[in-house]
Amino acid sequence: MTLGVGEREHTMGEIPEKHVGEAGHHKQRESSTMGLPDQVGNVARRTMEELAEDICASQGKSKFSLGPLEKVYVFWLAGMSCDGCTVSVSGATEPALEDLLTGSIPGVPLVVLHHYVLQLESGDHYIQTLINAEQGKLDGPYVLVYEGSIPDENLTVGGEPFAGEGSLPLWAPSDERRRVSTAEWMKRLGPGAAASIAIGTCATWGGIPAAYGNITGSMSLMDWMGKDYRSALGLPVINIPGCAPVGDNFTDAVQAILLFLQGLGPLPEFDELGRPAWQFSETVHTHCVRAGFYEEGTFAKEYGDKECLVEIGCWGPVVNCNITEKGAISHMGGCMNSGAPCIGCTMPGFPDKFSPFYKAPPGSLVSSNASRLLGSVVRNLRRISQRERNREIRWHDTVPSGWAMERGGTSLTHKILEVFYEAMQFQGGKAPERDPQKKFPTGYQSLPDRVYTKDYQQLPEDRVLKTEKRV
Ligand code: SF4
Ligand code: SF4
């Protein structure tokens, strides 16, 4: 890998000495926001970092984590975004965001999140920590997370950024106070970040803001940073796509990277597009709850039908996404579970190469008709096997069920197929011996019928007398 700008001499796995420490000494640090104007809303004047540290202290921890890394700052920046990624990640459960933010996962360092929605601090107090990061004044490494695509800020009118975060007088004494675009923050903070993570399809591949038309000149973080970009730990941009992404994919990837840096987990594997390989190597179709319908050649005709959705617009067979394994939130929901065809939202070609949505993908008729043809044979054979396997070995023509027809007669074809089936089932072995008499013959009487006859529910005479007296 080529190393880029500045002090990028670390390789993945090496943690700068200055970032290693114990929980206690952070308590004594000086406030870096002294002298800044009052904040709106933050009446307690606490910082997220102080809150996280207090939570750790209340758990009786003398160290934030088991490994050499004590804490990691995460700066969440947003470009052309709908905030859906924020909603997804705040709903993650395995692990939950709260677990990362309170140092609750053994071995994982405390995550100090700076997020424009979740933050306690506001205004310049919020921005000051980003400035500290740029100036190398943090007491831990930092990670950048970018949500939304990055617009071309040269296209704005009057210098107001399309996507900004904070306003600053502080780069240089001569600078006028101005709004700072998140693109500028990426440029300033990217080289020093331990890792840069693009969350959601807008950030990973451009997504909807970069679709045909694209009046803001939007593009993905990877395109914007360039192929030579490497973080301080030597990593290109990490991509976690989805519109919105599965929140667990983000927290799970962050956890895996942090455990590796702590020397407590294996090296996480990323594919050639920078996606966590363990999350995106298989297709939606592979784990789809409707894959059995596809295989047997039965297809939904309209929305709400229970069968495979390929003929009403599902791209699942070619789309890398694990929502069918993980669910949308807390292992529940997800597109096919809730009746929606896959529109390829995790893919670099989304949305243009998957539109118009809800129309059978070109070429899908070839495979669906092949499934239909094969399925018409396989399906019927399976029904015969299923019917036979739904019988106890005692049952023959008679099924002693009060729920259904007593006689469950079988056709001649069925019987012939079963002879072959059984021959194959026990081929090379010894079939268990069956006494035909043990099967229920036609007109079979159950044990109570035979032993007690039809009167077996009559009460004995003395009981009858007692009952009559009571009346
Ligand atoms: S609904 Fe889509 S993903 Fe599921 S089986 Fe059908 S084609 Fe595959
Ligand atoms: S199944 Fe398809 S539409 Fe649904 S999240 Fe995955 S890629 Fe997006």
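Residues numbered from 1 in each chain as written. Chains lettered and ligands numbered in written order. Predicted model: local features only at pLDDT ≥ 70, side-chain atom pairs only at ≥ 80, totals over all residues.

This part covers the site of ligand 2. Around ligand 2, the structure places Gly-242, Val-284, Val-319, Cys-321, Ile-323, Cys-335, Cys-342, Ile-343, Gly-344, Cys-345 and Thr-346. When grouped by side-chain class, the residues that make up the shell around ligand 2 number 8 nonpolar, 3 polar and no charged. (Near = placed C-beta within 6 Å. Nonpolar A, V, L, I, M, F, W, Y, C, P; charged D, E, K, R; others polar.)

The omega torsion of the bond from Cys-243 to Ala-244 falls at -5°, within 30 degrees of zero and hence cis. Structurally, the position occupied by Ala-244 is in the loop between β7 (238-240) and α8 (247-261). Look at the link from Phe-350 to Pro-351: it is a cis peptide, with omega at 0°. Of note, Pro-351 is situated in the loop between α11 (323-326) and α12 (364-389). If you check the backbone angles, Asn-214 has positive phi at about 40° while not being a glycine. Along the chain, Asn-214 falls in the loop between α6 (201-205) and α7 (221-225). A tally of 16 C-beta atoms within 10 Å means that Asn-214 is categorised as partly exposed. For His-331, which is not glycine, the phi dihedral falls at a positive 60°. Counting through the fold element by element, His-331 comes out in the loop between α11 and α12. (Helix = DSSP H or I, 4+ residues; strand = E, 2+ residues; numbered from the N terminus. Buried ≥ 20, exposed ≤ 12 C-beta atoms within 10 Å, placed from the backbone.)

Turning our attention to the site of ligand 1. With respect to spatial proximity, 14 residues lie near ligand 1, and among them His-285, Cys-288, Cys-308, Cys-314 and Gly-316 are the closest. Split by residue class, the shell around ligand 1 holds 11 nonpolar, 2 polar and 1 charged.

In this model, the protein chain carries a mean pLDDT of 84, and residues with pLDDT of at least 70 account for 83%. pLDDT under 50 marks residues 1-30. Its contacts with residues more than four places away, or in other chains, come to 53 contacts. (pLDDT = per-residue confidence, 0-100. Contact = placed C-beta atoms within 7 Å.)

Of all 5 residues making up strand β6 (residues 195-199), 5 are buried, and the element is well covered by its neighbours. The side-chain alternation of β6 yields two buried faces, one formed by Ala-195, Ile-197 and Ile-199 and the other by Ser-196 and Ala-198. Pairing between strand β3 (residues 142-147) and β6: 5 bridges, direction parallel. Its bridge partner being in β6, Glu-147 is matched across the sheet by Ile-199. Bridge count for β6 against β7 is 3 bridges, and the pairing is parallel. Bridged to Ala-198 within β7 is Asn-239. (Pairing = 2+ DSSP bridges.)

Our focus in this paragraph is the sheet that holds strand β1 (residues 71-78). Across the sheet, 5 strands lie side by side as β2-β1-β3-β6-β7; this open sheet has parallel pairing. The open sheet terminates on both sides in strands that have one partner only, identified here as β2 (110-115) and β7. Along the sheet, successive strands turn relative to each other by an average axial angle of 20°, direction set aside. Where helix α5 (residues 182-189) meets the sheet, it contacts β1 and β3, and its direction lies at approximately 145° from that of β1. (Axes fitted to C-alpha atoms, helices over the stretch in contact; angles between N-to-C directions.)

With that settled, the discussion passes to the nonpolar core. Core analysis: the largest hydrophobic core is formed by 90 residues, its most contacted members being Val-74, Phe-75 and Val-143. Counting contributing residues per domain, this core is built from domain 1 (17-280) and domain 2 (282-390), each supplying no fewer than three. Non-local contacts of Phe-75, meaning those with residues more than four positions away in its chain, are made with His-114, Leu-130, Ala-133, Tyr-142, Leu-144, Val-145 and Leu-189. (Core = buried A, V, L, I, M, F, W, Y, C linked by C-beta atoms within 7 Å. Domains from an automatic or database assignment.)

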